[in-house]
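Take a look at the letters that make up each chain.
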Amino acid sequence: MNTNDMPWNGAGRRIYMQEVGTRDGLQVEEAFVPTEEKIALVNALSQAGMAKIEVTAFVSPKAIPALRDAEVVLREIDRKPGVVYSALVPNVRGAERAIDARADELNLVMSASESHNLANLRMTREQSFAALSEVNALARQAGRAVNVSLSCCFGCPMEGDVPVSTVLEWCERFVEGLGARGVTLCDTTGMAYPGQVAALTAAFRARWPHTEVTLHFHNTRGMGLANVLAAISAGADRFDASLGGIGGCPYAPGATGNVCSEEIVHALALMGYDTGVDLGRLIAASKRLPALIGHDIPSQIVKAGRRLDLHPLPADFSAIRERAVARAA
């Protein structure tokens, strides 16, 4: 076995971290995070070095009231050169709003599962594709990049496994049919496991080696980091993650938070990968969340600190040592 080929041996390989907490995370929170605090969070994430930030979603305020300030947030953030500022858009009206608010990229969403698409979007997959084709045409006319997030690529809570062939067929329609710059393979309800992840990632990479592919994992069953490493071993280099580990689809039963940004960055740094992220800044941003959302966050890095965040010696350590030395004499 050549350990140089193992995912725990990063050897400086570049991994792009893409933050979704300000959209995917905040959308499920009951507390409304003030607009100025959302802007400050996005600015902090930009300064931390995230490659892409999904800032918000241009959806109906009645459906997701937590993001009713989407235009203001996207317009008033400080934009750092090199960072892509993305927004989720479900339809043409949402796309028009996102373009007007200067989104760099429009993120379009549908499901690889017919049951989930109907339950989540109230449309068949063909109806969703037709609607998103209109959005794509508008985005191209406006000179905006398009990414497609395909939900339930690794399993549907109502149908079970989704065939790889089905996932790739929908990817083909978006990549080759609509010219999408990127596709996100989403583990919407946390059903993915490492072998499955590696197989689908490798199949996508073999078919479309020059198309951006992002992996979007939830930690519902505790396999988030293992799935990230499996995807890396199969050639993936872009991952969605959420500050503090918050988030989850409001229409996906049992889907707990996304994989945690600071946990993934911490782990990959220890393995020698280059994420371009300042972990200290990321942790500082995450520590602001409990006061904003009104409850604790899943992040183990916020709770326990980084691996080498050492603790002070006990106040009576000198006396303890002297007594131990005396007993040994």
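- For the protein, the name recorded in an unreviewed UniProt entry is Hydroxymethylglutaryl-CoA lyase, with Variovorax robiniae as its organism.
- Taken verbatim from the UniProt record of the protein, the Sequence similarities (unreviewed entry) comment is "Belongs to the HMG-CoA lyase family."

### So, the overall build of the protein
Next, step 1: For the protein, the helix and strand inventory stands at 14 helices and 8 strands.
Next, step 2: By principal-axis analysis of the C-alpha atoms, the protein measures approximately 85 × 50 × 40 Å.
Next, step 3: For the protein, the share of sequence-separated contacts (at least 6 apart) that also reach a separation of at least 24 residues comes to 75%.
Next, step 4: Working note: accessible area of the protein is about 14,300 Å², and carbon and sulfur atoms make up 54% of it.
Next, step 5: Taking the 32 positively charged and 36 negatively charged side chains of the protein as two groups, their mean positions are separated by 3 Å.

### Comments concerning the nonpolar core
Next, step 1: Counting 93 residues, the largest nonpolar core has Leu106, Leu185 and Phe217 as the members making the most contacts within it.
Next, step 2: Once residues within four sequence positions are removed from consideration, leucine 106 is found in contact with Ala87, Val89, Ala95, Ala98, Ile99, Val135, Ala139, Arg144, Ala145, Val146 and Asn147.

### Some remarks on the pairing of strand β7 (residues 212–216)
Next, step 1: Counting buried positions along β7 yields 4 of 5 residues, so the element is predominantly enclosed.
Next, step 2: Here strand β6 (residues 182–186) runs beside β7; their pairing, made up of 5 bridges, is parallel. Its bridge partner lying in β7, leucine 185 is registered against leucine 215.
Next, step 3: Alignment of β7 against strand β8 (residues 238–241), held across 2 bridges, turns out to be parallel. Residue pairing for β8: leucine 215 is matched across the bridge by phenylalanine 239.
Next, step 4: Regarding the hand of the β-α-β motif, the stretch spanning β7, helix α9 (residues 224–233) and β8 is right-handed.

### Some words on helix α2 (residues 35–48)
Next, step 1: The end-to-end C-alpha separation of α2 is 20 Å, in line with the 20 Å expected for 14 residues at 1.5 Å each.
Next, step 2: With 10 of its 14 residues buried, α2 lies for the most part within the structure.
Next, step 3: Residues of α2 that are buried include every one of Thr35, Lys38, Ile39, Leu41, Val42, Asn43, Ala44, Leu45, Ser46 and Ala48, and no others.

### Observations concerning the environment of isoleucine 283
Next, step 1: With respect to the element layout, isoleucine 283 can be found in helix α11 (residues 279–286).
Next, step 2: Between the alpha carbons of isoleucine 283 and serine 261 there is a distance of 9.0 Å; along the sequence they are 22 residues apart.
Next, step 3: For isoleucine 283, the residues in contact, after removing those within four places along its chain, are Glu262, Ile301 and Arg306.

### Re the packing of aromatic side chains
Next, step 1: As enumerated under the stated definition, the model contains 4 aromatic pairs in all.
Next, step 2: When the centroid spacing of 6.0 Å and the interplanar angle of 55° are considered together, the rings of phenylalanine 129 and tryptophan 170 count as tilted. With a gap of 41 residues between them, phenylalanine 129 in helix α6 (residues 125–142) and tryptophan 170 in helix α7 (residues 164–177) connect regions that are remote in the sequence.
Next, step 3: A relative accessible area of 6% places tryptophan 170 in the buried class.
Next, step 4: A centroid spacing of 5.0 Å and a plane angle of 55° characterise the contact between phenylalanine 204 and tryptophan 208, whose relative ring orientation is tilted.

Cut-offs used in this document
Each chain carries its own residue numbering, running from 1 in the written order of its sequence. At least 70 in pLDDT is required for a residue's local features to be given in this predicted model, at least 80 for side-chain atom pairs to be given and counted, and no such filter applies to totals for whole chains, interfaces and linings, which use all residues. Side-chain metrics rest on all non-hydrogen atoms present in the structure, leaving aside hydrogens and water. UniProt positions are given in the numbering used here, feature names are shortened, and annotations may be inferred rather than shown by experiment. Labels follow the DSSP assignment, with helices taken as runs of H or I lasting at least four residues and strands as runs of E lasting at least two, numbered in each case from the N terminus. Any two residues having at least one pair of non-hydrogen atoms within 4.5 Å are treated as being in contact. Each accessible area is a Shrake-Rupley result for a 1.4 Å probe, and residues are judged covered by the shown protein chains and nothing else. Asp and Glu count as negative and Lys and Arg as positive, but His and the ends of the chain are not part of the count. Lysine's charge is taken at NZ, arginine's at CZ, aspartate's at CG and glutamate's at CD. The definition of a nonpolar core used throughout is a set of buried Ala, Val, Leu, Ile, Met, Phe, Trp, Tyr and Cys residues joined through side-chain atoms within 4.5 Å. For every residue, the accessible area obtained with a 1.4 Å probe (protein chains only) is divided by the maximum for its type, and the residue is called buried under 20%, exposed over 50%, and partly exposed between those limits. Between any two strands, pairing holds if DSSP finds at least two bridges. With the strands pointing away from the viewer, any crossover whose connection runs clockwise from the first strand over the helix to the second is right-handed. Take the residue count of a helix, subtract one, and multiply by 1.5 Å to get its expected span. Only centres within 6.5 Å qualify two rings of Phe, Tyr or Trp (six-membered ring in Trp) as a pair; their planes then separate them into stacked at under 30 degrees, edge-to-face at over 60, and tilted for everything else.

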